[in-house]
Amino acid sequence: MKTCLYHPYISRFLLLGVSALLMASVVTQQAKAASMNHAAMEGMDDMDMGDMDMPAPKPKPQQSLKPAQHSGHTILPNKSTTAGTSAYPPVTPSAQWPATPPPVPKVHYVQHIHPVMDHNTYFHALLEQFEGRYTPGNSLFRYSGQAWFGTDYNKFWVKSEGVLDGHRRFSDGDHEFFYDRAISTYFDVQAGIRLDVDSGPTRAWGAVGVQGLALYFFDVSATAYFNNTGVAGKLEGSYDFLITNRLILQPQAELNFYSHADPERGVSRGFSDIDAGLRLRYEFKRQIAPYIAVTYAGHYGSTASVVRNNTRMAENGPEDLRFTFGIRSWF
């Protein structure tokens, strides 16, 4: 009974053992074959290939230069594909196409300073004073402006100023036309004419002067005038105190001198008059700024007596202090 019970298990173990032996023999044969192939490849690396006869490459057939025959027509070879030929004829030297290019001229810079773009033309206009001046029972309107057109070095400059009183009389009409030439980074020299044109008699002057930005950014100008009766001079100056970037306080003054008396125009010899103001402006935009100010117009020396005796100017007096407001603009 025991022999019958264990007989199936014995047969199964025998089958498993035979299968394991067969698989081991197959794996061993594959490993031997792989090792033999690897050894053969290493042997080929050590072989000298120089002694082996390799077949030489066959040369490509040369393209025939003879015309090809095709269906009774002759086909000429392409010039661009033939050896030593070109599709275009050679260019022969001529006046238009010289054999060698002409030499490039050498540029010499003055003091080794290279040129800059300083020959463009520009236009600028400044209406510096456009204001009403008030006192009890009397008022004045005054304007002062200038404009120029030109390059950084050469400009045509126009200046004009005048006063209109409450009786619609126009006085202090000063109109100047200049040729302007830059002589330094901050200063220009000006030469031209001045015309005194208003309700009084007209006067014409030759003029020469300088205008620019002095040390610490003072805007200054000095002009000399001359005609057949004598000479005159004008000094102007102003400065901008920036309280903020937009709120600016500007003191300004203009002084006039004459070498001869001209009672018809209200001037006499010497220091004639001064026009000054203290203006506080606020620049809502850089191009336009309203302002309030206190202005002063005074006549001194012998000029004061001329003003008192001149009925056209007597109501203003030799000294005139006024409350002022106006607009300053530029473009």
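Nothing here was measured: the structure is a model prediction, and the numbers come from that model.

Chemist: Looking at this structure, how should I read the packing of aromatic side chains?
Modeler: Geometrically, a pair of aromatic rings is defined through the distance of the ring centres and the angle of the planes. Within the structure shown, the criterion is met by nine aromatic pairs. Pairing F123 with F331 gives two aromatic rings, centres 6.1 Å apart and planes at 45°, and the pair type is tilted. Placement of F123 in strand 3 (residues 122-135) and of F331 in the segment after strand 15 (319-330) is noted, with a sequence separation of 208 residues between them. Owing to a relative accessible area of 47%, F123 belongs among the partly exposed residues under this scheme. Among the aromatic residues, those joined into a cluster by ring pairs are F218, Y239 and F241. In this structure, K155 packs its charged tip against the face of W148, placed 5.0 Å from the ring centre. One Lys or Arg, R194, reaches over the ring of Y225 and ends 4.5 Å from the middle of that ring.

Chemist: I tried to follow a nonpolar patch on the surface on my own but got confused; where do I start?
Modeler: Taken together, the side chains of Y134, I243, L280, I292, F323 and F325 make up a nonpolar region of the molecular surface, amounting to roughly 580 Å² of accessible area. Position of F325 relative to the elements: it lies in strand 15. Take F325: its relative accessible area is 44%, and that puts it in the partly exposed class.

Chemist: Sorry if this is basic, but what is going on with the pairing of strand 15 here?
Modeler: Note that strand 3 and strand 15 share six bridges and pair antiparallel. Within strand 15, the residue paired with L126 across the bridge is W330. Two elements, strand 14 (residues 288-299) and strand 15, share eleven bridges in a ladder whose sense is antiparallel. Across the sheet, residue Y296 finds its bridge partner in strand 15, namely L321.

Chemist: Help me out: how do you make sense of empty space enclosed by the protein in this one?
Modeler: Leftover empty space is mapped by rolling, across the atoms, a probe with the size of a water molecule. Within this structure, the stated rule accounts for three cavities of 30 Å³ or more. The volume enclosed by the second largest cavity comes to roughly 350 Å³. Taken together, 23 residues line the second largest cavity, and the ones lying closest to its centre are E128, S144, Q146, S221 and E236. Only strand 3, strand 4 (138-150), strand 5 (154-165), strand 6 (170-182), strand 9 (219-227), strand 10 (230-238) and strand 12 (247-258) provide two or more residues apiece to the lining of the second largest cavity. Looking at the lining of the second largest cavity, its residues break down into three nonpolar, eleven polar and nine charged.

Chemist: I'm lost on the environment of R322 in this one. Help?
Modeler: Its place among the elements puts R322 in strand 15. A residue is classified by how much of its surface remains accessible, and R322, at 3% relative accessible area, is buried. Separated by 187 residues in sequence, R322 and T135 place their C-alpha atoms 5.6 Å apart. A distance of 3.4 Å separates a polar atom in the side chain of R322 from the backbone oxygen of N138.

Chemist: How should I be thinking about the pattern of salt bridges in this particular structure?
Modeler: Scanning the entire structure with this criterion turns up 20 salt bridges. Of the charged contacts in the structure, one is a salt bridge between E161 and R142, with a shortest N-O distance of 3.6 Å. Highlighted residues: E161 in strand 5 and R142 in strand 4, separated in sequence by 19 residues. Here E161 and R142 have matching classes, each one buried.

Chemist: Honestly, the pairing of strand 3 in this entry has me stumped. Any pointers?
Modeler: For a regular strand, side chains alternate in direction, first toward one face of the sheet and then toward the other. Bridging between strand 3 and strand 4 involves 13 bridges; their strand directions are antiparallel. By the bridge assignment for strand 4, F130 is matched with Y143. In textbook terms, the turn of a hairpin is the stretch between consecutive antiparallel strands, and for strand 3 and strand 4 this stretch comprises two residues, one of which, G137, has a positive phi near 80°.

Chemist: When you look at the layout of surface pockets in this model, what are you seeing that I'm missing?
Modeler: There is about 770 Å³ of room inside the largest pocket. Around the largest pocket sit 28 residues that line it, and W157, Q211, G212, L213 and D219 are the ones nearest its centre. The set of elements that each furnish at least two residues to the lining of the largest pocket consists of strand 3, strand 4, strand 5, strand 6, strand 7 (187-196), strand 8 (203-213) and strand 15.

Cut-offs used in this document
- Residues numbered from 1 in each chain as written.
- Predicted model: local features only at pLDDT ≥ 70, side-chain atom pairs only at ≥ 80, totals over all residues.
- Heavy atoms only, no water.
- Phe/Tyr/Trp six-rings, centres within 6.5 Å; stacked < 30°, edge-to-face > 60°.
- Helix = DSSP H or I, 4+ residues; strand = E, 2+ residues; numbered from the N terminus.
- Buried < 20%, exposed > 50% of the residue type's maximum accessible area, 1.4 Å probe, protein only.
- Lys NZ or Arg CZ within 6 Å of the ring centre and 35° of its normal.
- Patch = residues over 30% accessible without salt bridge, like charges linked within 9 Å, V, L, I, M, F, W, Y side chains within 5 Å.
- Areas by Shrake-Rupley, 256 points an atom, 1.4 Å probe, with all protein chains shown as cover.
- Salt bridge = Lys/Arg side-chain N within 4 Å of Asp/Glu carboxyl O.
- Pairing = 2+ DSSP bridges.
- 1 Å grid on protein atoms, 1.4 Å probe; cavity = no way out; pocket = protein on both sides within 12 Å on 5 of 7 lines; lining within 4 Å.
- Points joined across faces, edges and corners; volume = space filled by probe spheres on them.
- Nonpolar A, V, L, I, M, F, W, Y, C, P; charged D, E, K, R; others polar.
- Polar contact = N/O pair within 3.5 Å; in protein donor to acceptor, adjacent residues only side chain to side chain.

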